[in-house]
Amino acid sequence: MSTPAPTFLSAHWRHLIMLNHAVDPALLAPLVPEGVVLDTHEDRCWVSIVAFLFHDTRLKGLPIPGHRDFEELNLRYYVRRDVPDTARGLDHRRGVAFVKEVVPRFAIAAVARLLYNEQYVSMPMHHRITDASGAARPGDAVLAAGDRVAIGWGRDGDAGTVAATVAGPARPLVPGSHAHFIAEHYWGYAHQRGGGTVEYEVRHPPWSVHDVEDVVVDGDLGALYGEELGAALAGPPDTAFLAVGSAVEVGDGRRL
């Protein structure tokens with residue numbers, strides 16, 4: 001069994017809204033990093049808008065003042081590398097790659113671009129969690145039916161918002177299900193300047209998920225992700241759910 005890479009970043013990821021669209025693979029083919037291929041579920045190619053909270057973020061074990069708690073919005077797609085994932089007993093590595101990632105902290109975005117060449121940008125973000133009566137709930141709350149999570153980007157959230165209401169109790173993921181395919185990926189891949197790919201491991205326990213309702217996505221997605229992908233994301237998502245999240249460790253990157 002291979003030795004896990006040292007931890008680069010640790011945090012607690014909470015309340016991951018996952019809005020999933022089946023798209024034409026041709027939209028993603030030019031973006032796929034070297035050494036991996038597009039992965040599919042039930043013969044469909046998927047992208048996901050994912051909005052969530054970082055809590056207690058640490059780089060190399062150290063908390064960075066002003067950079068511990070923040071939001072992230074990303075658009076990701078699904079890839080696989082055909083080498084064993086021995087830690088999970090798989091004959092391949094199930095991974096993700098990103099079209100773009102948005103955070104409100106410039107230093108986080110700059111470090112991710114420098115070390116991983118991930119497509120991070122920084123802009124103001126905010127979030128609000130409310131119960132069924134509209135009263136505010138804390139970011140580390142255990143969600144229940146009727147709770148609503150909203151994450152916005154742009155000053156005062158005026159550029160766009162992703163929001164969803166919890167429709168029921170959290171349930172474990174069923175191996176082989178669509179939600180399991182979307183949520184359970186443990187490797188990230190990033191194309192590098194001048195060619196090549198960096199692979200990094202994302203370590204966390206299996207997540208539970210909530211069904212959601214009253215999903216909202218507004219804002220100019222074409223401006224964020226390009227006209228073609230923006231058009232593919234314009235309608236309601238094909239599927240949606242909210243992952244509870246957990247403590248997460250991101251390993252140091254290794255060049256393939």
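Our subject is the structure listed above.
Just so it is clear, the structure is predicted and the values come from calculations on it, not from any experiment.

Thresholds applied
Residues numbered from 1 in each chain as written. Predicted model: local features only at pLDDT ≥ 70, side-chain atom pairs only at ≥ 80, totals over all residues. Heavy atoms only, no water. Buried < 20%, exposed > 50% of the residue type's maximum accessible area, 1.4 Å probe, protein only. Helix = DSSP H or I, 4+ residues; strand = E, 2+ residues; numbered from the N terminus. Pairing = 2+ DSSP bridges. Phe/Tyr/Trp six-rings, centres within 6.5 Å; stacked < 30°, edge-to-face > 60°. Contact = heavy atoms within 4.5 Å.

> Looking at this model, I keep getting lost on the pairing of strand 13 (residues 197-203). Mind explaining?
Put simply, side chains in a regular strand alternate between the two faces of the sheet. Along strand 13, seven of the seven residues are buried, which leaves the element largely enclosed by surrounding structure. Side chains of strand 13 alternate between two faces, with Thr197, Glu199, Glu201 and Arg203 and Val198, Tyr200 and Val202 buried alike. Pairing analysis gives five bridges linking strand 12 (residues 187-191) to strand 13, with the strands arranged antiparallel. In the sheet register, Gly188 faces strand 13, and the bridge partner there is Tyr200. The hairpin turn running from strand 12 into strand 13, its antiparallel successor, is five residues long, and Gly194 in that turn takes a positive phi close to 80 degrees. Taken together, the two bridges between strand 13 and strand 16 (residues 254-255) define a ladder with antiparallel strand orientation. Across the sheet, the residue bridging to Glu199 is Arg254, located in strand 16. Here two bridges tie strand 13 to strand 15 (residues 239-251), and the two strands are oriented antiparallel to one another. Across the sheet, the residue bridging to Val202 is Val250, located in strand 15.

> Would you take a moment to explain the packing of aromatic side chains for this structure?
Any pair of aromatic rings gets described here by the distance separating the centres and the angle formed by the planes. Scanning all chains against the criterion turns up eight aromatic pairs. Where Tyr116 meets Tyr200, the ring centres are 5.1 Å apart and the plane angle is 75 degrees; that geometry is what we call edge-to-face. Here Tyr116 is found in helix 1 (residues 106-116), whereas its partner Tyr200 is found in strand 13, with 84 residues between them in sequence. You can call Tyr200 buried: its relative accessible area is 8%.

> What is the right way to read unusual backbone geometry from this model?
Peptide bonds are trans in most cases, and residues, glycine excluded, mostly fall at negative phi. Backbone geometry places Glu42, a non-glycine residue, at a positive phi of 50 degrees. Of note, the phi angle at Lys60 is positive, near 50 degrees, even though the residue is not glycine. Within the secondary structure layout, Lys60 lies in the loop between strand 3 (45-59) and strand 4 (62-63).

> Looking at this structure, I do not really get the environment of Pro4. What am I missing?
Mapped onto the secondary structure, Pro4 falls in the segment before strand 1 (7-23). For Pro4, a relative accessible area of 51% puts it in the exposed group. In this structure, the C-alpha to C-alpha distance between Pro4 and Glu201, residues 197 residues apart in sequence, is 8.0 Å. For Pro4, the residues in contact, after removing those within four places along its chain, are Glu201, Arg203 and Arg254.

Nothing here speaks to function; it is geometry throughout.
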